[in-house]
Each structure stands twice: as C-alpha cells, then as structure tokens.
Amino acid sequence: MLSKLSLLLEKRPHKQWQIEDFSGIDQLHLGGIPATLALLDWLPNGAKSGLDIGCGLGGTSRLLSNERGCNMVGLDLNHQYIRAAMLLNQSIQPEPQCQFVTGNSLHLPFPEHSFNFVISQHSTMNIKQKEVLLKGLYRVLKPRGHLLIHEIMLQPHAGENDILYPTPWAHEKGESHLCHWQLFNDLALAIGFKVDHFKDDTDAALTWIRQTRQQKAPPPFTPTLALGANAAVMSANVLGNIEAGYLQVISASLCKL
Ligand SMILES: C[S@@+](CC[C@H](N)C(=O)[O-])C[C@H]1O[C@@H](n2cnc3c(N)ncnc32)[C@H](O)[C@@H]1O
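The sections below set out a description of the structure shown in this document. (Residues numbered from 1 in each chain as written. Predicted model: local features only at pLDDT ≥ 70, side-chain atom pairs only at ≥ 80, totals over all residues.)

### Comments concerning the overall build of the chain
In terms of regular secondary structure, the chain is built from 10 helices and seven strands. For 257 residues, the compact-globule estimate of 2.2 N^0.38 gives 18 Å, and the C-alpha radius of gyration of the chain, at 17 Å, lies within 12% of that figure. By its C-alpha atoms, the chain is 50 × 40 × 30 Å across when sized along the principal axes. Classification of the 257 residues of the chain by burial places 40% in the buried group. Put simply, 79% of the contacts in the chain that link residues at least 6 apart link residues at least 24 apart. (Helix = DSSP H or I, 4+ residues; strand = E, 2+ residues; numbered from the N terminus. Rg over C-alpha atoms; globule rule 2.2 N^0.38 Å. Buried ≥ 20, exposed ≤ 12 C-beta atoms within 10 Å, placed from the backbone. Contact = placed C-beta atoms within 7 Å.)

### Examining the site of the ligand
Lining the immediate environment of the ligand, one finds 24 residues, of which L28, G54, G56, S105 and Q121 sit closest. Secondary-structure elements contributing two or more residues to the shell around the ligand are α4 (59–68) and β2 (71–76). Of the residues belonging to the shell around the ligand, the class tally is nine nonpolar, 13 polar and two charged. (Near = placed C-beta within 6 Å. Nonpolar A, V, L, I, M, F, W, Y, C, P; charged D, E, K, R; others polar.)

### Quick look at α4
Most of α4 is tucked away, with seven of its 10 residues classed as buried. For α4, the full list of buried residues reads G59, T60, S61, R62, L63, L64 and S65. Two residues or fewer after α4 comes G69, characterised by a positive phi angle close to 65 degrees.

### Remarks on unusual backbone geometry
Residue P94 follows Q93 across a cis peptide bond; omega there is -10 degrees. On the secondary structure map, P94 appears in the loop between α5 (79–90) and β3 (98–102). A cis amide bond links Y165 to the next residue, P166, at an omega of 10 degrees. With respect to the secondary-structure elements, P166 resides in the loop between β5 (141–154) and α7 (181–191). Residues other than glycine seldom take positive phi values, yet H122 does so here, at roughly 50 degrees. Mapped onto the elements of the fold, H122 is located in the loop between β4 (115–121) and α6 (130–140). Judged by local crowding, H122 falls into the buried class, with 21 C-beta atoms found within 10 Å. The phi torsion at R144 lies on the positive side, around 65 degrees, for a residue other than glycine. Relative to the elements of secondary structure, R144 occurs in strand β5.

### Looking at the packing of α6 against α7
As a packed pair, α6 and α7 sit with axes 10 Å apart at the nearest point and diverge in direction by 40 degrees. As the angle between them shows, α6 and α7 are arranged oblique. Seen along the crossing, α6 lies across α7 with a hand that is right-handed. Contact residues: K130, E131, L134, K135 and Y138 in α6; F184, L187, A188 and I191 in α7. (Axes fitted to C-alpha atoms, helices over the stretch in contact; angles between N-to-C directions. Parallel < 35°, antiparallel > 145°, perpendicular 65-115°, else oblique. Left-handed = near helix turned anticlockwise from the far one by under 90°.)

### Considerations on the sheet that holds β3
In space, the seven strands of this open sheet follow the order β3-β2-β1-β4-β5-β7-β6, with mixed pairing throughout. Each having just a single partner strand, β3 and β6 (193–200) make up the two edges of the open sheet. Mean inter-strand twist for the sheet, computed between neighbouring axes without regard to direction, equals 15 degrees. Strand direction decides the pairing type here: strand β1 (residues 49–53) and β2, joined by five bridges, are parallel. Paired with L51 across the two strands is V73, which belongs to β2. Most of the contacts of α6 go to β5, to which it runs at about 150 degrees, and overall it touches β1, β4, β5, β6 and β7 (247–256). (Pairing = 2+ DSSP bridges.)

Below, the structure is given as structure tokens:
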C-alpha cells in the first residue's frame, strides 16, 4: 500500500494536493468528510490539542487541523497506515499540524491531562477491553476535556453472531468486538464521563453508503488502496448488516467531569 501510494504521489510532483483529494482512503468511516465535520459542531472553540485514536491514514486529524487550527496527534496500531498518514500530510502545503505515532489505544503513551479532546471515528470495533480503553482516554484528557466518538455498534437486540464478515474492521468474527451503546454509555458514566450529546446516525449512514456505492470513489485514491482487494465485499457487508437491522451508527460527545 505504501509503495503504491508513494508512486501515485510521485507521478504528479507539481499537483497542489488538497485534503479532500484523499477522502477515498483517509476517511475510512461511514459518512466521509461531512460526518467528521458534524462531530466538530460539538467541539468547544478553545479545544486546540487533540488525539485521534485509530487514526488510520489521518484524514480526521488533517481536517481538524485545517478547520479548527488544532494541533493533532494521530495514533494507530498499523505502522503502514501511520507511514502513509505522514506521507499524505507532507504532500499537502501548508502541511497540516499533525504528528502521527504508531501505538495502541489501550496503552496510550502520553502523560495524564495531555489533550483538550480525543476523537475516535470507527476505531473501537476491534477493542474488546472497552473499560480499559475508556479509563485510558479519561486519563489523557484534561479536566472538562471532551471525547468525541463516531462508532459502529450493535443494535440493541443484535449480537456478534448476526454480523456478516468480512467488514472493513474485521476479516472474521474473532477479530471483531462490537458492543451496544448501552454498555459503552454505562462504562463511560461509571468512569466519570457525562454524555453531553448523542445522535443515532444509522439512517444517514445508510443513505450515504448507498449513494457512495453507486458513485464509486474517484481514482486513484479508492478504498481498495487502503483496505485491499476485498474492499467492495466489505462495503456490501456493512450495507447488508445495517439493512438487516444489526448495526447501529452513533455519534456522541462525552465530557470528563
Ligand atoms: C476503520 S479504520 C478507521 C480509521 C480512521 N479513524 C478513519 O475514520 O479514517 C479503524 C482503525 O483503527 C485502528 N485500530 C484498531 N484497533 C486499534 C488499537 N487497539 N489501537 C490503535 N489503533 C487501532 C486500525 O488499525 C484502523 O486503522
């Protein structure tokens, strides 16, 4: 993936790349750029230092830097993604204020009270230990800091056995750790978060995925580059799982008390 990406960028050395040019590969969540911008409505103006967990190729971090002048740290388990995120960042001028680090959201390598906010778009579905995750996020947030999440969860009556794989986050069931919003909410409250905002984005996500599958991302930066040859099957399965009433897409803003 990284060498393909380098070649694509080198082919057009004089191109003035814009953040939006890469949305087919660096907005690996339902709703694309508009979904990220909608989350920012819940971010206080003074919140400038942010952590983007499971940042993938860094599109969310770049948007936050551009739209809000934030200093972002993007963290992802996948070292190839982190190198690609750096490459994409360097290809944009002026370079967005983002650092990218390889790391695990369950073992955040930052002191307590480091960030005004943490953002997570579709990055927690592989994480079984949600309580450990939330405690770590609480630790690195400054007092009154915000946790913005945009995640895929199970519908209240659904279970992991209902879900058809592969999906963009898991090749098979064993890699997936979807949870219900109710559980996530209860854990967050017990740790000391307050839920300021909650939105069920399932219908909007369904509309977006149907439209996107018809339009197809403009080449060369298509999801296949980031997700591999199975990208179309993964997308069809996400659509099918939502249509069957098994997956819920939620956005929420939680405040550290
Ligand atoms: C579906 S992608 C979303 C990427 C990005 N947030 C976006 O919206 O474009 C999920 C990302 O979470 C990362 N991830 C999964 N588990 C992680 C963990 N424990 N720590 C850090 N990153 C993780 C994956 O490597 C992947 O890049």
